[in-house]
Structures are given as structure tokens and as C-alpha cells.
Amino acid sequence: MVSALLGHNPRLVPARVTCSFKQAWADVAKLVDAADLKSASRRGVRVRVPPSAPNLRLEVHKLHLWRGDRHLLRGLSFALDPGSTLQLLWPNGTGKTSLLRCLAGFLHAEEGQIRWGGVSVRADRDAFHWDMAYLGHDTALKADLTALENLRFACALRVPRGEVPLQAALDSVGLSKIDPRQPVRSLSAGQQRRVALARLSLWDAKLWLLDEPASNLDAAGQAVLEALLKAHMESGGAAILATHHALALPQAHCRLWQSPSDPA
Amino acid sequence: MSASRASTASAALAVLRRDLLLAVRRPGEWLQPLAFFVLVTVLFPLAVDPEPSRLRQLAPAALWVTLLLSSLLALEFLFREDRRDGTLEQYLVSGQSFTALLVAKTATHWLLTGLPLVLVGPLAALSLGAPPQALPGVCVALLLGSVSLSLIGAIGAGLTLGARSGGALLSLLVLPLVMPVLVFGARATQLAIAGDEAASALYLLAAIGALSLTLAPLAAAAAVRISLE
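Residues numbered from 1 in each chain as written. Chains lettered and ligands numbered in written order. Predicted model: local features only at pLDDT ≥ 70, side-chain atom pairs only at ≥ 80, totals over all residues. Heavy atoms only, no water.

Residue-level account of the overall build of chain B, with values.
When helices and strands are tallied, chain B shows ten helices and zero strands. The secondary structure elements of chain B, listed N-terminal to C-terminal, are α-α-α-α-α-α-α-α-α-α. Out of the 229 residues belonging to chain B, those deemed buried represent 54%. Counting only contacts in chain B whose residues sit at least 6 apart along the sequence, the fraction spanning at least 24 positions is 81%. Only carbon and sulfur atoms are counted for the fraction: they give 70% of the accessible area of chain B, which is about 9,700 Å². (Helix = DSSP H or I, 4+ residues; strand = E, 2+ residues; numbered from the N terminus. Buried < 20%, exposed > 50% of the residue type's maximum accessible area, 1.4 Å probe, protein only. Contact = heavy atoms within 4.5 Å. Areas by Shrake-Rupley, 256 points an atom, 1.4 Å probe, with all protein chains shown as cover.)

An account of the pattern of salt bridges is needed here, citing residue identities and associated values.
Tallied over the full model, the rule gives 18 salt bridges over all chains. Notably, a salt bridge pairs B:Arg18 with B:Asp82, separated by 3.7 Å at the nearest N-O pair. Here the residue B:Arg18 occupies a position in helix α1 (residues 8-25), and B:Asp82 occupies one in helix α4 (residues 77-84), the gap between them amounting to 64 residues. One exposure class covers both B:Arg18 and B:Asp82, and it is buried. With its nearest N and O atoms 2.6 Å apart, the salt bridge here joins B:Asp19 to B:Lys105. Of this pair, B:Asp19 sits in helix α1 while B:Lys105 is found in helix α6 (residues 98-127), placing the two residues 86 residues apart along the sequence. The pair formed by B:Asp19 and B:Lys105 is uniform in burial state, with each residue classed as buried. Through salt bridges with shared partners, a single ionic network connects A:Lys142, B:Arg18, B:Asp19, B:Asp82, B:Asp85 and B:Lys105. (Salt bridge = Lys/Arg side-chain N within 4 Å of Asp/Glu carboxyl O.)

How would you summarise the environment of A:Glu149 if you had to cite specific residues and measurements?
All names here are of chain A. Mapped onto the secondary structure, Glu149 falls in helix α6 (residues 147-158). Sequence separation between Glu149 and Pro183 is 34 residues; the distance between their C-alpha atoms is 9.1 Å. From its side chain, Glu149 meets the backbone nitrogen of Thr146 in a polar contact 2.9 Å long. (Polar contact = N/O pair within 3.5 Å; in protein donor to acceptor, adjacent residues only side chain to side chain.)

So what's going on with helix α8 (residues 189-202) of chain A? Which residues, and what values?
Along its 14 residues, α8(A) runs 20 Å from first to last C-alpha, staying within 8% of the 20 Å computed at 1.5 Å per residue. A large share of α8(A) lies buried, amounting to ten of its 14 residues. Buried residues of α8(A): A:Gly190, A:Arg193, A:Arg194, A:Val195, A:Ala196, A:Leu197, A:Ala198, A:Arg199, A:Leu200 and A:Leu202, and no others. Among the structural elements, β6 (132-135), α6, α7 (166-172), β7 (207-211) and α9 (219-234) of chain A together with α5 (87-92) of chain B are those in contact with the buried residues of α8(A). (Expected span 1.5 Å × (residues − 1).)

Now, about the sheet that holds β7(A): what can you tell me, with residues and values included?
Residue and element names in this part refer to chain A. The five strands lie next to each other as β6-β7-β8-β3-β9, forming an open sheet whose pairing is parallel. Only two strands of the sheet have a single partner each, and these edge strands are β6 and β9 (254-257). Taken pair by pair, the neighbouring strands of this sheet meet at an average axis angle of 10°, ignoring direction. In the sheet, strand β3 (residues 85-88) pairs with β9 via four bridges, with the strands oriented parallel. Bridge pairing in β9 places Leu86 opposite Arg255. Relative to β7, helix α4 (residues 96-104) is tilted by about 145°, and along the sheet it contacts β3, β6, β7 and β8 (238-242). The sheet strands contacting α8 are β6 and β7, and the helix crosses β6 at an angle near 175°. (Pairing = 2+ DSSP bridges. Axes fitted to C-alpha atoms, helices over the stretch in contact; angles between N-to-C directions.)

Please give an account of the nonpolar core that cites residues and values.
A:Leu58, A:Phe78 and A:Ile240 are the most contacted members of the largest nonpolar core, which has 96 residues in total. By residue number, the principal contributor to this core is helix α7 (residues 135-159) of chain B, which donates ten residues. Core analysis: the second largest hydrophobic core is formed by 37 residues, A:Ala147, A:Ala205, A:Trp208 and A:Ala214 among them. (Core = buried A, V, L, I, M, F, W, Y, C linked by side-chain atoms within 4.5 Å.)

Let's hear about the sheet that holds strand β2 (residues 70-80) of chain A: which residues, and what values?
Residue and element names in this part refer to chain A. Taken in spatial order, the four strands line up as β2-β1-β4-β5 in an open sheet, and their pairing is antiparallel. The outermost strands of the open sheet, each flanked by one partner alone, are β2 and β5 (119-120). Lying on the sheet, α4 is in contact with β1 (58-67), β2 and β4 (111-116); it crosses β1 at an angle near 120°.

Give a description of the interface of chain B and chain A that names residues and reports values.
Taken together, the 38 residues of chain B in the interface contact 46 residues of chain A. Summing the contributions of chain B and of chain A, the shared interface buries around 3,900 Å²; its carbon and sulfur component is 57%. Viewed at the interface, chain A and chain B are joined by five salt bridges. Counting across the chain B and chain A interface gives 14 residue pairs in polar contact (both at pLDDT 80 or more). Looking at the side of chain B that touches chain A, the elements that each hand over two or more residues are α1, α4, α5, α6 and α10 (199-227) of chain B. If you tally residues by element for the side of chain B that touches chain A, the top one is α1(B), at ten residues. Of the residues in the side of chain B that touches chain A, the class split is 14 nonpolar, 13 polar and eleven charged. (Buried area = accessible area lost by both parts, 1.4 Å probe. Nonpolar A, V, L, I, M, F, W, Y, C, P; charged D, E, K, R; others polar.)

Quick one: what's the story with the side chain of A:Thr85, residue by residue and with numbers?
Within the element layout of this structure, A:Thr85 appears in strand β3. Residues contacting A:Thr85, with those up to four places away along its chain left out, are A:Leu80, A:Met233, A:Ala239, A:Leu241, A:Leu249, A:His253, A:Cys254 and A:Arg255.

Explain the packing of aromatic side chains to me, and be specific about the residues and the numbers.
Overall, the coordinates contain five aromatic pairs over all chains when judged by the stated rule. Aromatic pair A:Phe106 and A:Tyr134: ring centres 5.2 Å apart, planes at 70°, arrangement edge-to-face. One end of the pair, A:Phe106, is in the loop between α4 and β4; the other, A:Tyr134, is in strand β6, and 28 residues separate them in sequence. Note on accessibility: A:Phe106 and A:Tyr134 belong to one class, buried. Ring-pair connections join several aromatic residues into one group, and the members of that group are A:Phe78, A:Trp90 and A:Trp257. In this structure, A:Arg158 is placed above the aromatic ring of A:Trp203, and the distance from its NZ or CZ to the ring centre is 4.5 Å. Cation over ring: B:Arg18 sits above A:Phe153, and NZ or CZ is 4.1 Å from the ring centre. (Phe/Tyr/Trp six-rings, centres within 6.5 Å; stacked < 30°, edge-to-face > 60°. Lys NZ or Arg CZ within 6 Å of the ring centre and 35° of its normal.)

Structure (C-alpha cells):
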């Protein structure tokens, strides 16, 4: 939240005024979340899980979601352990995207609990967002900037300044041969998707929420995606994918979920 | 919970820098309102009897209504592209303060569309018959007014993001909200042109600016959040 500005940069302000500033920022931060008063009041009493917590588990308990008049998700419950992947293969219109958007925090479930590492994500949404990366239908790339400029900006949002291996990330998704001055606009849809995947690998998030990550990708691109996911899982990351064609991932840690009415 | 995170300040700076870079690559968006402002203020003397005293009477109204309309024209671009390509969604889940990132966006928007109007404003005032000694007052009024217009306009831009014909709705929403800016801005300009003390109206303009600086970003962030649902 806003307090991060001062909390993580003690050099910005002399020690004497830090305290009152911090207080003021904390108040502002509460106002920012005025739409979600509950979370503001809970923030004071939340229990923080230390970074080395062995079990950053995602637990969804009895989730109910309505879209307009439609009762889309009816009491959905599942859990996802670190290092494992869940592939949603539900039919069209049954709420794959809505579930992912709900987990990411764009939609608010009418009922139910989402817990990350034992803490409700509503209680500390920012901490959850730090651990999470979302890739939706839109790639969030700026068409007028080059692939490298897009990656540089994406990293500036999340990763502290320093040497980030941007070019290496592009190489790893098979885009080493594109002209560095070429704007993203002139890349093909599949190449743009690859840039988005490179961004994902740079963010160092523990939980990936991917909506149709393989769309527009050719066979080689799909292999790149599978390799990225494998590496992510091996480093202890978890992922939920909404997809129509199951990706080839290590079966021991990958569950396929065919329909929302099946138990997870 | 990653061990190291980018600070909110550096993230907001990154947003500012990237939007400026985008503006350099695609100058049409921010040149358009400026051209509109210049053209309309040039049209006024043509349409009205070019008697200097009468023009001078009309100058405050002409300046401020034109400023209002050109900043409305620019507001449409504020969040539209970022909403279309999914960037706003990424801001929301970046773990950074959404409000701070939107403030950075609004600040860039003001730098690109508000500040040029403030710089061109004195020239337009001269062409409308304002005496040179009135220009500092006019300039300060335009500066304070345009900041408020950008900040308050951001609320409207956020609310109309999801709407299909956002432009018309945006004007209907924003125009009533910015009436005080128009009233005090025009009054300050009028006083400055008449050679009177404009401080009282300028103070009120500054008060509106301070109020919108503190409250409008929160409202704008809430509005954008709703439109992303």
C-alpha cells in the first residue's frame, strides 16, 4: 500500500519525521480501500506469514460468484499446493475466466473464502498481489514500445531497480532474433504472447493465474510455455491455467479439472 | 511474499516515464487539444465585433470555456488505451498502490495536455485584447484551474471507462463538477484584465486545487476499480 513508499525507503525522510508520515500514509491507505472497509479494519490484526513460510498454499472454500442473474460458481472448493498446477478445462461459459478474475481480485465473490498461505486475501490484498502474477486475454503490452521497453517497464513496477536479465528473458522465449528497435505493434500475435510470457518469468511470482496462455502460440511457443511452467513448478511456484487443450506437464503435480461440477 | 519489492515511488515514476515516452512516439493525442484551444480562441475575435473593449469583456469567458472544452477533449485519452490493452488490470494486481499509479498517470496527462494550454493561454489572452500586465494573473489562474480540471476529470474518465459512448457521457458528468473552477477562474481572469487585485479568486481556485488533489485521486481510483469488474 502507500506506506510501502516510506516503509521501504527510510532514506527518503529523516528518521524523526518518518513516524508521523508513516501514520499519515497509513490513514491515506485506509481511505484508499474505503470500498472494502472490512479489509482496512482487519489489516491492523493480520498475522503475517514470514517469507520463508514452507506452505504458501492457495485455498478456496465454498466460493459463490454471480454474474448479473447467473449463479456462475456454486460453492467451489479446492486447494493448490506450492509446486503444483491446476488446469481448468471447463466448457465455454462455465466461469473459467471469472474464477481467475475473482482470484486475482477484479471480481468480488458473493460468498466464500480465498486464502493464501493461511491468510485471507481480502485481509492483505497487496501482499497477495506481490506473490501473484496474472496474464489475461489482453497482454498489457504497449504497441508503440519495443519488447525490451515493455519488459523494462513491467519490471520497474514490481522488481527493485538493478540488473534484470531482460534480453535473456526474451531469448528464453525464442525471441532472440527480433529487431530490438521493432515496436510490439509489428510483432505477430504469437510473438506478443511470448513477450508477455517473458514478462511473467521476470516477475518472480509464486502463483501464476493464466487465462488461455497458449492462445496464438505455435507448437514451439507451446513448448516454451510448458518449459516455463515446469521451471516455475520446480522452483516451488504454483499455477492455475484456464485452457481448452491440456498442456503436457509433469503428471504428479498437475491436475486436470474437466467441469466445475466435478470435485476438484 | 517476495523478499524485495519495487517501491511505490519508483513504480509511479516508471509509469510517468513510460507515458511520456509513449507521448513522444505518438504526439497526435496531446497536440489535438492544444490545436483545438488555439483555433477556438483565434475564432472568437473573428466572430465578435473586433472592438478591443468588447473583446476584452469577452476574454475571460472565451478563455475558460475553451480551456474546459479542450481539457474535456483530452480527458477521453486518459485511461482509455490502458484499459483497452489490459495495462490497468496489471496496475491493479501489481501490489503497488493503485491510487499512486493513477496519480502518476494523471500527472503525466496534465503535463502533456494541461501545461501546454497554460503556456499558450497568455498568448490567447493577448489576442483577445488583454493588457500585458494582466498576463501573470491569467497564467496563475490557468495553471491552478487546469490542475483541478485534470484531477476532477480523472474521476469522470474512470467512471465512463466501461461506457460505449464515453465521450458525451464524460462531458455530462464532468461539466457540473468543474463549474466552481470555471466561475472562479473566469472571475480571476476578469479581475486581472481589469487591472484589479485578483488574489481572492486565485485563493479560491487554489483551494479547489488542494481539495481535488487530496480527494479526486481516491475517487478516480475507486471509479476505475469498478469499471474493471
